[in-house]
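Given next are the chains, with one letter for each unit.
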Amino acid sequence: MKKTAKYQTWIRIYKLLIFLIISLLFLLGTLLPISFFLRILSGILALPFFYITFILTYSLYQFSAFGGNYQSKIHDLMVAKVNWDGEGKILDIGTGSGALIIKLAKTFPKSCLTGIDYWGGNWEYSKAQCQQNAEIEGVYNRIEFIKASAAVLPFKDAEFDLLVSCLTFHEVKDKSNKTEVLKEALRVLKPSGEFIFLDLFADEKIFGDQKKLLNDLRKNGISEWESYKLADEMNLPKLLLNKKVLGNAMIIIGRN
Ligand SMILES: C[S@@+](CC[C@H](N)C(=O)[O-])C[C@H]1O[C@@H](n2cnc3c(N)ncnc32)[C@H](O)[C@@H]1O
């Protein structure tokens, strides 16, 4: 039987299960032989946990291939934004299960690609899975997967022609200043090389003021950039536009 590549969604199943279990425990509390007040309190406390469980389950469905396939559609949008002749080196920062980099490998058959990720235990992705997916998709010989942190990339300055990263910078815990993480990414981009980053850039708690962020990057050397709200670039189901899902997602495209 022909094997098919396995790309997990951005929703962590263990997280969903934790919220589900807490909701059910609070619901159970409403049935216990305790005071009426405590039973009501337990029911009220269950509500936000049920809400988060619902949002996570709905997002899981919409992102996966058996549902709305939005994760793949978002990667397609990023690939479609690439404006490059396709000869040279591509780096994907936080490659997950390799979905985006494998699409790029298929789109640019003359490119050499690298995917890095720290593949931490709280994600359901792994380097072995990336390698297996690349093999199944027939692009194994052009992609290298390396375990590393986006905070300190194991590359020389100006090594890559194209940089991509999807929903990773906000996850980098080993450097709290996310502007520094973006600068580290741009360090490895060639002069006039292109970058396409999708992340929750509109969330000021994570990335600070957007104008300041772009100004800092400009001072760091980026010569051109454009930024778009993801919601303006594609039709997304309303619930995916929840601030806890993709409501703050933006694409920043530019050149060094
Ligand atoms: C939401 S997932 C996105 C995965 C992939 N970019 C995609 O679009 O399918 C976030 C990814 O960031 C990775 N990540 C988190 N912290 C990281 C770090 N410090 N360095 C590199 N990758 C990291 C996680 O392992 C995970 O694969």
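What counts, and where the lines are drawn
- Residues numbered from 1 in each chain as written.
- Predicted model: local features only at pLDDT ≥ 70, side-chain atom pairs only at ≥ 80, totals over all residues.
- Heavy atoms only, no water.
- UniProt positions renumbered as here; feature names shortened; annotations may be inferred.
- Helix = DSSP H or I, 4+ residues; strand = E, 2+ residues; numbered from the N terminus.
- Patch = residues over 30% accessible without salt bridge, like charges linked within 9 Å, V, L, I, M, F, W, Y side chains within 5 Å.
- Areas by Shrake-Rupley, 256 points an atom, 1.4 Å probe, with all protein chains shown as cover.
- Salt bridge = Lys/Arg side-chain N within 4 Å of Asp/Glu carboxyl O.
- Near = heavy atom within 4 Å.
- Polar contact = N/O pair within 3.5 Å; in protein donor to acceptor, adjacent residues only side chain to side chain.
- Nonpolar A, V, L, I, M, F, W, Y, C, P; charged D, E, K, R; others polar.
- Phe/Tyr/Trp six-rings, centres within 6.5 Å; stacked < 30°, edge-to-face > 60°.
- Buried < 20%, exposed > 50% of the residue type's maximum accessible area, 1.4 Å probe, protein only.
- Core = buried A, V, L, I, M, F, W, Y, C linked by side-chain atoms within 4.5 Å.
- Contact = heavy atoms within 4.5 Å.
- Pairing = 2+ DSSP bridges.
- Right-handed = clockwise from strand over helix to strand, strands pointing away.

Under an unreviewed UniProt entry, the name given to the protein chain is Class I SAM-dependent methyltransferase, and the source organism is Niallia taxi.

Once that is clear, we can look at the UniProt feature "transmembrane region" (unreviewed entry) in the protein chain. UniProt annotation of "transmembrane region" (unreviewed entry) refers to residues 12–34 and 40–61 when read in the numbering used here. Along residues 12–34, the helical share is 74% and the strand share 0%, with 34 Å between the first and last C-alpha atoms. What you have in residues 40–61 is 100% helix and 0% strand, and the ends, taken at the C-alpha atoms, are 32 Å apart.

We now examine a nonpolar patch on the surface. Taken together, the side chains of Ile 13, Leu 17, Ile 21, Leu 25, Leu 28 and Leu 31 define a hydrophobic patch exposed on the protein surface, amounting to about 600 Å² of accessible area. Inspection of the secondary structure assignment puts Leu 28 in helix 1 (residues 13–29).

As a further point, take the site of the ligand. In the vicinity of the ligand lie 20 residues, with His 75, Gly 94, Asp 117, Ala 150 and Cys 166 positioned nearest. Side-chain polar atom of His 75 to an oxygen atom of the ligand: 2.8 Å apart, as the coordinates give it. Separating a nitrogen atom of the ligand from a backbone N or O atom of Cys 166 is a distance of 2.9 Å. About the coverage of the ligand: the protein hides 99% of its 590 Å² of free accessible area. When the residues that make up the shell around the ligand are grouped by side-chain class, the tally is 10 nonpolar, seven polar and three charged.

Scanning the entire structure with this criterion turns up 11 aromatic pairs. Relative to Phe 49, the ring of Phe 26 lies with its centre 5.7 Å away and its plane at 35°, an arrangement referred to as tilted. With Phe 26 in helix 1 and Phe 49 in helix 2 (residues 36–63), this pair connects stretches of sequence that are 23 residues apart. Exposure remark for Phe 26: the relative accessible area of 23% places this residue in the partly exposed category. Note on Trp 123 and Tyr 125: the rings are 5.4 Å apart at their centroids and 10° apart in plane angle, and the pair reads as stacked. Note on Trp 123: relative accessible area 17%, which makes it buried.

Looking now at the nonpolar core. Ranked by internal contacts, the top residues of the largest apolar core, which has 47 residues, are Phe 63, Ile 74, Leu 104, Ile 143, Leu 198, Leu 230 and Leu 246. Setting aside residues up to four positions removed in sequence, Phe 63 forms contacts with Thr 9, Trp 10, Ile 11, Asn 69, Tyr 70, Gln 71, Leu 240, Val 245 and Leu 246. In terms of nonpolar packing, the next biggest core, distinct from the first, is built from 28 residues, Leu 163, Leu 189, Leu 214 and Met 250 among them.

Pairs can form between side chains of opposite charge once their charged atoms are near each other. Taken as a whole and judged by the stated rule, the model has 12 salt bridges. Here Glu 233 and Lys 81 are joined by a salt bridge, their closest N and O atoms 2.5 Å apart. Taken as a pair, Glu 233 in helix 9 (residues 230–233) and Lys 81 in the loop between helix 3 (70–80) and strand 1 (88–93) lie far apart in primary sequence, 152 residues in all. The class of Glu 233 is partly exposed, set by a relative accessible area of 28%. Residue Lys 173 is joined to Glu 171 by a salt bridge in which the shortest nitrogen-to-oxygen separation is 3.5 Å. Counted as one network, the salt bridges with shared partners bring together Arg 12, Glu 171 and Lys 173.

In terms of burial, strand 5 (residues 189–199) is largely enclosed, as eight of its 11 residues are buried. Both strand 4 (residues 160–166) and strand 5 contribute to a ladder of six bridges, which runs parallel. What sits directly across from Ser 165, in strand 5, is Phe 197. A crossover links strand 4 with its parallel partner strand 5, the connecting element being helix 6 (residues 178–187), and its sense is right-handed. Bridge count for strand 5 against strand 7 (residues 250–255) is six bridges, and the pairing is antiparallel. Across the sheet, Ile 196 pairs through a bridge with Ile 253, a residue of strand 7.

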